[in-house]
Amino acid sequence: MAEEEGGAEDTSFLRTEDMVALSCTGTGERVCLSAEGFGNRQCFLESIADKNIPPDLSQCVFVIEQALSVRALQEIISSNDAEAGKGLGSGHKTLLYGNAILLRHSNSDMYLACLSSSSSNDKLAFDVGLQEQSEGASFVQGSTNPGEACWWTVHPASKQRSEGEKVRVGDDVIFVSVATERYLQATKENSQSIVNASFHVTQWNVSPFGTGLSRLKNQPCVFGNDVLRFTHAGDECLTIPSSWSLESSETNIIVYEGGSVMQQARSLWRLELARTKWAGGYINWYHPMRIRHITTGLYLGVKEDSNDLCLLSKEEATLSATCFYLREVKDDNKVILEDKDLEVIGVPNVRYDDVTVIAQHMETGFWLSYKAYQVKKKNVGLVEEKRLLLHEEGRMDDGCEFARS
């Protein structure tokens with residue numbers, strides 16, 4: 001993204017390499033376009049209507065990979081030259097209404113495409129899903145450019161915008177498939193929310209997730225949706241024990257553990273900022289977030305009438321149970337930022353392996369801390385186990401650092 005005077009990032013307009021989430025209310029509630037990309041290639045809709053039920057936004061992120069005029073795209077598609085289209089690298093180019101764009105699914109690296117199949121009751125509609133670049137109509141053998149089915153033109157949904165204008169962050173837009181001339185549509189069919197390409201228009205809100213330039217320029221920084229480890233005291237990390245189970249409060253525990261676990265998947269966590277707009281922005285002080293365990297898909301939190309930390313299901317992961325924010329120091333100041341101060345890309349002040357952070361539970365104001373127990377382990381004897389809990393005052397060594405996964 002371009003820079004304004006003074007070095008601040010201009011986040012008013014969309015550019016190639018920016019990450020976005022596409023949301024709409026075409027089904028009667030606010031939903032996001034989502035996809036898995038592994039096994040199931042068809043797109044679906046993820047509800048973001050209830051703040052107390054966390055959406056999996058990692059599946060909703062698309063990167064604006066290229067933006068071309070329709071004329072330039074048609075020249076590439078009609079050309080039989082395998083070299084056609086090479087050198088059209090984005091370079092953080094500003095997106096204009098009327099441009100044809102590629103949307104690359106961040107998780108799978110496949111492209112949003114209008115598929116040739118049709119599973120809808122509307123027999124004139126096509127399925128929408130993910131496609132690799134070497135598939136689909138009008139693909140030139142030997143070329144590295146996606147086929148025509150992967151391209152979409154962007155049009156303003158508001159009369160206050162016109163073709164050729166810059167697309168602003170947060171604009172409502174209409175997407176049209178270049179291959180089929182059908183609209184990207186979200187609708188309800190047999191009481192089920194679906195997405196397809198049809199002759200019915202849906203207005204999509206382009207919610208900014210993160211920018212390509214911020215991640216390029218500030219690689220040491222921690223961003224929303226990053227997968228990482230919480231390291232503690234230099235030689236241990238936040239994890240679930242190898243004997244972890246959801247069955248009881250005695251086995252559903254969180255611990256600090258050292259040794260080989262620091263290279264194992266059970267010590268990986270994702271920081272999910274509790275918002276949709278700029279959910280992939282910088283991790284900042286006082287910004288509410290959930291901490292999601294990668295291998296179980298569950299959320300770090302506490303149950304009612306308990307201060308012992310455990311993992312909670314998506315349905316249990318209310319804001320009051322699972323929301324934390326990061327602090328530089330422990331004090332009695334309880335800071336609640338307004339939405340206008342939260343829905344921003346933020347500033348690059350939390351870095352990997354450099355900045356010590358202290359996690360505070362938002363609802364209770366208690367600190368993420370631990371209590372040491374003597375536990376008898378088979379073939380080992382008595383060992384110290386540091387079990388995580390929330391504490392009103394905590395310990396002197398409650399600070400953690402972030403390590404890349």
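Within any chain, residue numbers begin from 1 and follow the written order of that chain's sequence. This being a predicted model, a pLDDT of at least 70 is required before a residue's local features are given, and a value of 80 or more before pairs of side-chain atoms are given or counted; all residues contribute to the totals for chains, interfaces and linings. Remark: hydrogens and water are excluded; side-chain values derive from all non-hydrogen atoms of the structure.

> So what about the overall build of the protein chain? Which residues, and what values?
Working definition: helices are DSSP H or I runs of at least four residues, strands are E runs of at least two. Numbering for both runs from the N terminus. When helices and strands are counted, the protein chain shows 4 helices and 24 strands. The globule rule is 2.2 Å times the number of residues to the power 0.38, and the radius of gyration it is compared with is taken over C-alpha atoms. Taken over the C-alpha trace, the protein chain has a radius of gyration of 23 Å; the compact-globule value for 405 residues is 22 Å, and the two agree within 12%. Counting only C-alpha atoms and orienting by the principal axes, one finds that the protein chain spans roughly 70 × 50 × 40 Å. Using a 1.4 Å probe on the protein chains alone, a residue whose accessible area is under 20% of its type maximum counts as buried, one over 50% counts as exposed, and one in between counts as partly exposed. Across the 405 residues that make up the protein chain, the buried fraction comes to 52%. Contact definition: two residues touch when any of their heavy atoms are within 4.5 Å. Long-range pairs, those at least 24 residues apart, make up 66% of the contacts in the protein chain with a sequence separation of at least 6. Summed over all atoms, the accessible surface of the protein chain reaches about 18600 Å², with 46% contributed by carbon and sulfur. Per-residue and other accessible areas were derived by the Shrake-Rupley procedure at a 1.4 Å probe size, with only the shown protein chains allowed to occlude residues.

> Tell me what's going on with the pairing of strand E15 (residues 255-258), and back it up with residues and numbers.
Here strand E14 (residues 236-239) pairs with E15 via 4 bridges, running antiparallel. Bridging across to E15, Leu238 finds its partner in Tyr256. By this definition, two strands are paired if DSSP reports at least two bridges between them.

> Hey, could you go over the packing of aromatic side chains for me, with residue numbers and the actual values?
For any pair of aromatic rings, the description rests on two quantities: the centre-to-centre distance and the angle between the ring planes. Any pair of Phe, Tyr and Trp rings, taking the six-membered ring for Trp, is counted once the centres come within 6.5 Å. Such a pair is stacked with planes under 30 degrees apart, edge-to-face with planes over 60 apart, and tilted for the rest. Evaluated as defined, the whole model comprises 4 aromatic pairs. Measuring from ring centre to ring centre gives 5.1 Å for Phe230 and Phe402, while their planes differ by 70°; the resulting arrangement is edge-to-face. Of this pair, Phe230 sits in strand E13 (residues 227-232) while Phe402 sits in strand E24 (residues 401-404), and the two are 172 residues apart along the sequence. Criterion for a charge above a ring: Lys NZ or Arg CZ within 6 Å of the ring centre, and within 35 degrees of the ring normal. The ring of Phe13 has Lys166 sitting right over it, with the charged end atom 4.9 Å from the ring centre. If you follow Arg395 out to its NZ or CZ, it ends over the ring of Tyr370, 4.3 Å from the centre.

> Mind laying out the nonpolar core, listing which residues take part and the relevant values?
Nonpolar cores are built from buried Ala, Val, Leu, Ile, Met, Phe, Trp, Tyr and Cys residues. Side-chain atoms within 4.5 Å join them into one set. Leu33, Leu112, Phe175, Leu184 and Trp204 are the most contacted members of the largest nonpolar core, which totals 38 residues. Those residues in contact with Leu33 that sit more than four places away from it in its chain are Leu22, Cys43, Phe44, Leu45, Gln59, Cys60, Phe62, Leu112, Leu184, Val195 and Trp204.

> I'd like to hear about the pairing of strand E6 (residues 111-114), residue by residue, with values.
Each regular strand carries side chains that alternate between the two faces of the sheet. The alternating pattern of E6 places Tyr111 and Ala113 on one face and Leu112 and Cys114 on the opposite face, and all of these are buried. When E6 meets strand E7 (residues 126-131), the two strands line up antiparallel, connected through 4 bridges. Residue pairing across strands places Cys114 opposite Val128, the latter belonging to E7.

> Account for the pattern of salt bridges, naming residues and giving values.
Side-chain pairs of opposite charge can arise where the charged atoms are in close proximity. Salt bridge, as used here: a side-chain nitrogen of Lys or Arg that lies within 4 Å of a carboxyl oxygen of Asp or Glu. Applying the stated rule across the entire model yields 17 salt bridges. Note that Arg351 is salt-bridged to Asp354, the shortest N-O span being 2.8 Å. Taking the relative accessible area as the measure of exposure, Arg351 reaches 29% and is therefore partly exposed. One network of salt bridges, with partners in common, ties together Asp56, Arg270, Glu272 and Arg292.

> Can you explain unusual backbone geometry? Please cite residues and give values.
Positive phi values are uncommon outside glycine, yet Asn190 reaches one of about 55°. For Asn190, the location among the structural elements is in the loop between strand E10 (183-189) and strand E11 (192-198). Non-glycine residue Asn225 carries a positive phi angle of around 80°. Within the element layout of this structure, Asn225 appears in the loop between helix H2 (212-217) and E13.

> Can you tell me about the environment of Glu247, naming the residues and giving the values?
When you line up the elements, Glu247 lands in the loop between E14 and E15. With relative accessibility at 75%, the residue Glu247 sits in the exposed group. Taking C-alpha positions, Glu247 is 47 Å from Arg15, a pair spaced 232 residues apart along the chain.

> If you had to explain the side chain of Ser267 to someone new, which residues and values would you point to?
Topologically, Ser267 is positioned in the loop between E15 and strand E16 (269-273). Ignoring anything within four residues of it in the chain, the contact list for Ser267 reads Leu228, Arg229, Cys237, Leu238, Thr239, Val261 and Met262.

> Talk me through the environment of Leu216; I want residue IDs and the actual numbers.
In this structure, Leu216 sits in helix H2. Counting along the chain gives 148 residues from Leu216 to Thr364, while the straight-line C-alpha distance between them is 37 Å.

> Can you tell me about the side chain of Glu236, naming the residues and giving the values?
Mapped onto the elements, Glu236 comes out in strand E14. Polar contacts here mean pairs of N or O atoms no more than 3.5 Å apart (in protein, one a potential hydrogen donor and the other a potential acceptor; neighbouring residues in sequence count only if both atoms are side-chain atoms). A polar side-chain atom of Glu236 sits 3.0 Å from a polar atom in the side chain of Lys386. Those residues in contact with Glu236 that sit more than four places away from it in its chain are Phe230, Thr231, Tyr256, Glu257, Gly258, Met262 and Lys386.

> Please give an account of the confidence of the model for the protein chain that cites residues and values.
Mean pLDDT for the protein chain: 90, with 92% of residues reaching 70 or above. Between residues 1-7, whose pLDDT stays under 50, and residues either more than four places distant or in other chains, the model counts 18 contacts. pLDDT under 50 marks residues 136-144. Its contacts with residues more than four places away, or in other chains, come to 22 contacts. On a range of 0 to 100, pLDDT expresses the predictor's confidence in each residue.

> Lay out the environment of Pro241 in plain terms, naming residues and giving numbers.
Locating Pro241 in the fold gives a position in the loop between E14 and E15. Taking the relative accessible area as the measure of exposure, Pro241 reaches 9% and is therefore buried. Distance from Pro241 to Thr251, taken between C-alpha atoms, is 8.5 Å for residues 10 residues apart in sequence. Setting aside residues up to four positions removed in sequence, Pro241 forms contacts with Ile253, Val255, Glu257 and Arg266.

> Summarise helix H1 (residues 70-78); cite the residues concerned and give the values.
All of the buried residues along H1 are Leu73, Ile76 and Ile77. For H1, the angular spread of the buried residues around the axis is 95°, confining them to a single face. Facing away from the buried side of H1 by over 90 degrees, the exposed positions are Arg71 and Ser78. Summarising the contacts, the buried residues of H1 are in contact with strand E4 (62-68), strand E5 (100-105) and strand E8 (151-156). Picture the helix axis, draw a direction to every C-beta atom, and the arc is the one those directions span.

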